[in-house]
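# Structural overview
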Protein chains: 2
Amino acid sequence: MLNKVDANRQTDSKEYKSEMKTLEKQMTALQESIQQLQIPTVIVFEGWGASGKGTQIARVVYPWDPRFFNVYTMDKVTEDMRMRPFLWPYWTRTPARGRISIYDKSWHRIMLPDRTGKWKTAVSGSPDLLYDINAFEKQLTDDGVLIVKLFLHISKDEQKNRLKELEKNSETAWRVDEKDWEQNKNYDQHLAHFSQMLQRTNTSESPWHIVESNDRKFAVIKIYKIIISSVQKAAEKLMQTNKLVHAEPPKYTGKKFLHSVYIKNENDNENAEKQKRKKSSSQGTITEKEYRDKLELYQKNISALGHRMYIKRRPVVIVYEGWDAAGKGGNIKRLTEELDPRCYEVIPIGPPSQTELSNHYLWRFYNKIPKDGHFAIFDRSWYGRILVERVEQLTPVPVWQRAYQEINEMEAHMYHHGAIIFKFWMHIDRDEQLRRFRAREADPLKQHKITEDDWRNRSKWDLYEEAADEMILKTNTPFAPWTIIESNNKKTARIKVLETVAATLDNALR
Amino acid sequence: MLNKVDANRQTDSKEYKSEMKTLEKQMTALQESIQQLQIPTVIVFEGWGASGKGTQIARVVYPWDPRFFNVYTMDKVTEDMRMRPFLWPYWTRTPARGRISIYDKSWHRIMLPDRTGKWKTAVSGSPDLLYDINAFEKQLTDDGVLIVKLFLHISKDEQKNRLKELEKNSETAWRVDEKDWEQNKNYDQHLAHFSQMLQRTNTSESPWHIVESNDRKFAVIKIYKIIISSVQKAAEKLMQTNKLVHAEPPKYTGKKFLHSVYIKNENDNENAEKQKRKKSSSQGTITEKEYRDKLELYQKNISALGHRMYIKRRPVVIVYEGWDAAGKGGNIKRLTEELDPRCYEVIPIGPPSQTELSNHYLWRFYNKIPKDGHFAIFDRSWYGRILVERVEQLTPVPVWQRAYQEINEMEAHMYHHGAIIFKFWMHIDRDEQLRRFRAREADPLKQHKITEDDWRNRSKWDLYEEAADEMILKTNTPFAPWTIIESNNKKTARIKVLETVAATLDNALR
């Protein structure tokens, strides 16, 4: 994409001052629209060494109120970054609504051969990288984020001159290093790499803008114009999408996974319940001795596997979803009991805070991604989007429908980095839940665990079941499969989770 | 402190099982009290290599619900840590109310000669380190945080045996490194260093508990007992402090700094106002040309100094406080205009969120501490505690009164790390504020900047002025001085800020 671009375009220097004045005013007005329309805005600066990224970023923010933007220098790959998926530092720095994030160098760099190697799991040019990048950009733009991607292009000679200039001045000499000279020396090779990077990540939602930057004045005017027209387009798009959000959800006609987990009983009187409980427990009985033995065995296994995970630097993500009172807490407790507590974190997920609501839905989960060698155990999770948010109509239909793919993409991104992912649906039947609710109400120590919300959720059982069925159908991927945990019997449920984790980890860490 | 302790104490193994059972039950109950009483709890594990910190942490959390604690391994000093004050990673990991943070290795380590060197600014054994540590612990305990400090002590022989054991087993061999053997070889020297560390950081609020750990069973029982009695004491203390919070604030009789900044006019009619404005502007007049020239000069200076800051790895903290409509926004804009935007962040401070409220008051500011070479510019700040929170009675009297010292200590901690600190009080007089409020109301583009809150605050002018006077008196330290910026004239105000920053930075970065 670059070899046909002449970096040498010039501005008419007579007109420059007055044009700049007009553009600066437009930029100031623009920032106010960004705030008023609450458009989260991402501006990416990529380009050659010494192409003037710093100077141009300074020009871009010049007309803006410094309280509403953040500039991030993403050049250096720290150990914290290396121990997580490569999009993690970008996800955690995405702008909240009405704010602007500017990145000096960006996630696209991972497409460059000399950059890829900084992540142990990334293979240069691998389709995974591209898949992850495209998913990231699409997810942001779908959420209303504007992404402006700028590549600052200079010619070989211009770069050489600039590096010499910088070196001459004692105040700027420290900014030039060997890598800059290496880039200049092997300019053509780098040109090919940059071109490929641009080509592959040039999506229709967020295309690249190549900025001919030999002449700084030409460059700043072009950049201003690109940003101005991009924000205008985003504002128009926003008006359109605002009209779209009130659709009816299509009826789910897919497979029903949960319906047949326990045998249903039509006549629900006391006797029938007892009988049924007998039946369902026959689907999972265990003696106290068996339970103790297996618990000990698998807990020991998993504890040892934790060490292997740590040595092999593989992260593990475990998601717990399921009915209220299905026994998630006790199950998690048994899972972690013998683990080294320095290697895991249990993350309870409640309703989002104001800050979380003003960011992309997945932002708060990206902030909790485990580093290599560690477990992150989510007590409820991102699946809230397509469970409670769907059923309680907290989120417009097209938005939660989009989430199936978004979630698959997020999990794929973790998987590409080497994560081992478990998703447990803790299943009890309607009667068992009723019994547990009543038992909680009767126990003074457990009364606080049962609220009106629980009863309200229960009254929507069928809606939740449909949502869970569709969730399992659409997010049951080979790299992040669902396991349904029959939980009418708490002990067999615990053993099944432990068994699943032990077997899968053992297999993955050989 | 250690050389008189015999690490070799044994538990009666017959009684062990039943005693553990009782203690585990007490620990479970304890965690529920911590949640109910909302006591933030910090548990520190220090000790010899191979003294069993990992195992004992696992024992401690065993009876607890894993959703309410976090375990942090603080062994490694990352670059992110090195670029900030040494307490930063601990402050940002303090527990919210009702939660538990467990640190495997801790801030006390900086007292050890081999650890100090990881921070460029820290001098081994320097009184600054001790001052900072004691302030940290006192601030947390004053806020109701319980700190339990445990040192796991083993003898030289025991350590040797354990290291050999670990090395023998292929699954644990990776946990032993040269440093462990070095520690064992020079056991006596390390004993002296540990002893000194314990002695110096053994405060009455949070004393050290030495746990004789040759016998693991003895150790776990002792640790359980220490934690149980510490939480009980904290609960009692909480009951007492709850009684204390309703005191009358003592009358401020200190110096009045702000009263005489502008000449007051008793008869406030239109004419008098005009006259007065004339007078006050004579305290700060400037021609347009002078303004432009100085603006350009100082902005260039500061931009160049920004590079020096970066090279010398010094961080800069700038606080803006002052009256509503004093012109903070425009002033900040002029300060940052010519700075490299990759080197500063402007942080607007609003009312605290729910999350922020459930942590220590200073927690959110520690999260925003600039890294070396960077500016952090606070648009309002931690001084809200002794301004708005005092005047609006949002915070009990003894709590905001304590804040003067807490703030001085926080700023001292930044200073010890090498930070250059500016604090600007943007001062306008009552009449100028009225004029600006009215001008804003008349301007359709600025109407949103004036709210009922502003008028309400204005009606409490005298209370705010007293609060600001007392703030300046009590927090005007040599390392973090206040500068009063006469801001009736916005241009002279901007020049004064720029001049102050340029001169001070130039002086500090020579």
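This text follows the structure it describes.
Rules and cut-offs
Residues numbered from 1 in each chain as written. Chains lettered and ligands numbered in written order. Predicted model: local features only at pLDDT ≥ 70, side-chain atom pairs only at ≥ 80, totals over all residues. Heavy atoms only, no water. Helix = DSSP H or I, 4+ residues; strand = E, 2+ residues; numbered from the N terminus. Buried < 20%, exposed > 50% of the residue type's maximum accessible area, 1.4 Å probe, protein only. Contact = heavy atoms within 4.5 Å. Areas by Shrake-Rupley, 256 points an atom, 1.4 Å probe, with all protein chains shown as cover. Lys, Arg positive; Asp, Glu negative; His and termini not counted. Charge placed at Lys NZ, Arg CZ, Asp CG, Glu CD. Axes fitted to C-alpha atoms, helices over the stretch in contact; angles between N-to-C directions. Left-handed = near helix turned anticlockwise from the far one by under 90°. Nonpolar A, V, L, I, M, F, W, Y, C, P; charged D, E, K, R; others polar. Pairing = 2+ DSSP bridges. Salt bridge = Lys/Arg side-chain N within 4 Å of Asp/Glu carboxyl O. Least-squares fit on C-alpha atoms with pLDDT ≥ 70 in both. Buried area = accessible area lost by both parts, 1.4 Å probe. Polar contact = N/O pair within 3.5 Å; in protein donor to acceptor, adjacent residues only side chain to side chain.

## As for the overall build of chain A
- Scanning chain A from terminus to terminus reveals 21 helices and ten strands.
- On the principal axes, the C-alpha backbone points of chain A span a range of 95 × 50 × 40 Å.
- Buried residues in chain A amount to 55% of all 510 residues.
- When contacts within chain A are restricted to residue pairs at least 6 apart in sequence, those whose partners lie at least 24 apart make up 81%.
- In the structure as shown, chain A presents an accessible area of about 23,300 Å², 49% of it carried by carbon and sulfur atoms.
- Side chains of chain A give 83 positive and 71 negative charges; the mean places of these two sets differ by 1 Å.

## Observations concerning the packing of helix α6 (residues 127-142) of chain B against helix α17 (residues 397-417) of chain B
All names here are of chain B.
- Running from amino to carboxyl end, α6 crosses α17 at an angle of 145°, the nearest separation of the two axes being 10 Å. Crossing angle aside, the handedness with which α6 passes α17 is left-handed. Within the contact between the two elements, α6 uses Asp128, Tyr131, Asp132, Ala135, Gln139 and Asp142 and α17 uses Arg402, Glu406, Glu409, Met410, Ala412, His413 and His416.
- Classifying every residue of the contact of α6 with α17 by side-chain character gives four nonpolar, three polar and six charged.

## Here's the deal with the pairing of strand β1 (residues 41-47) of chain B
All names here are of chain B.
- Among the seven residues of β1, seven are classified as buried, and the element is accordingly described as predominantly covered.
- The alternating pattern of β1 places Thr41, Ile43, Phe45 and Gly47 on one face and Val42, Val44 and Glu46 on the opposite face, and all of these are buried.
- When β1 meets strand β3 (residues 100-104), the two strands line up parallel, connected through five bridges. Among the inter-strand pairings, Val42 is bridged to a residue of β3, identified as Ser101.
- Inspection of the sheet shows β1 paired to strand β4 (residues 146-153) by seven bridges, in the parallel sense. Counterpart to Val44 in the pairing with β4 is Lys149.

## Remarks on the pattern of salt bridges
All names here are of chain A.
- A full pass over the atoms with the stated rule returns 82 salt bridges over all chains.
- Here Glu466 and Lys251 are joined by a salt bridge, their closest N and O atoms 3.3 Å apart. Highlighted residues: Glu466 in helix α20 (residues 461-475) and Lys251 in the loop between α10 (216-244) and α11 (270-282), separated in sequence by 215 residues.
- For Glu466, a relative accessible area of 23% corresponds to the partly exposed category.
- Through salt bridges with shared partners, one network takes in Lys251, Arg390, Glu466, Glu470 and Lys474.

## Some thoughts on the sheet that holds strand β1 (residues 41-47) of chain A
All names here are of chain A.
- Strand order in the open sheet made by the five strands is β2-β3-β1-β4-β5, with parallel pairing throughout. Among the strands making up the open sheet, the edge pair consists of β2 (69-73) and β5 (208-212). Across this sheet, the average inter-strand angle for adjacent strands is 20°, counted without regard to direction.
- Strand contacts of helix α2 (residues 53-61): β1, β2, β3 (100-104) and β4 (146-153), with the helix running at about 155° to β1, the strand carrying the most contacts.

## Focus: the relation of the copies chain A and chain B
- Of the transformation placing chain A onto chain B, the axial shift is 0.0 Å and the rotation is 180°, giving an RMSD of 0.0 Å. Taken together, the rotation and translation describe the operation of a two-fold axis.
- By residue overlap, the copies meet face to face through one surface: 100% of the interface positions of chain A are interface positions in chain B.

## A word on unusual backbone geometry
- A positive phi angle is found at A:Arg313, which is not glycine, with a value near 55°.
- Tracing the sequence through the fold places A:Arg313 in the loop between α12 (288-312) and β6 (316-322).
- Backbone geometry places B:Gln38, a non-glycine residue, at a positive phi of 60°.
- Overall, the relative accessible area of 40% leaves B:Gln38 in the partly exposed class.

## Overview of the interface of chain A and chain B
- The partner chain B presents 37 residues to the 37 residues of chain A that form the contact.
- A buried area of about 3,500 Å², summed over both sides, lies between chain A and chain B, and 53% of it is on carbon and sulfur atoms.
- Where chain A touches chain B, the interface holds six salt bridges.
- The residue A:Asp104 makes a salt bridge to B:Arg342 at a minimum N-O spacing of 2.6 Å.
- Here chain A and chain B share 14 residue pairs in polar contact (both at pLDDT 80 or more) between them.
- Counting only elements with at least two residues in the side of chain A that touches chain B, the list comes to α2, β2, α3 (79-82), α12, α13 (328-336) and β7 (344-348) of chain A.
- Residues belonging to the side of chain A that touches chain B are distributed by class as follows: 18 nonpolar, six polar and 13 charged.

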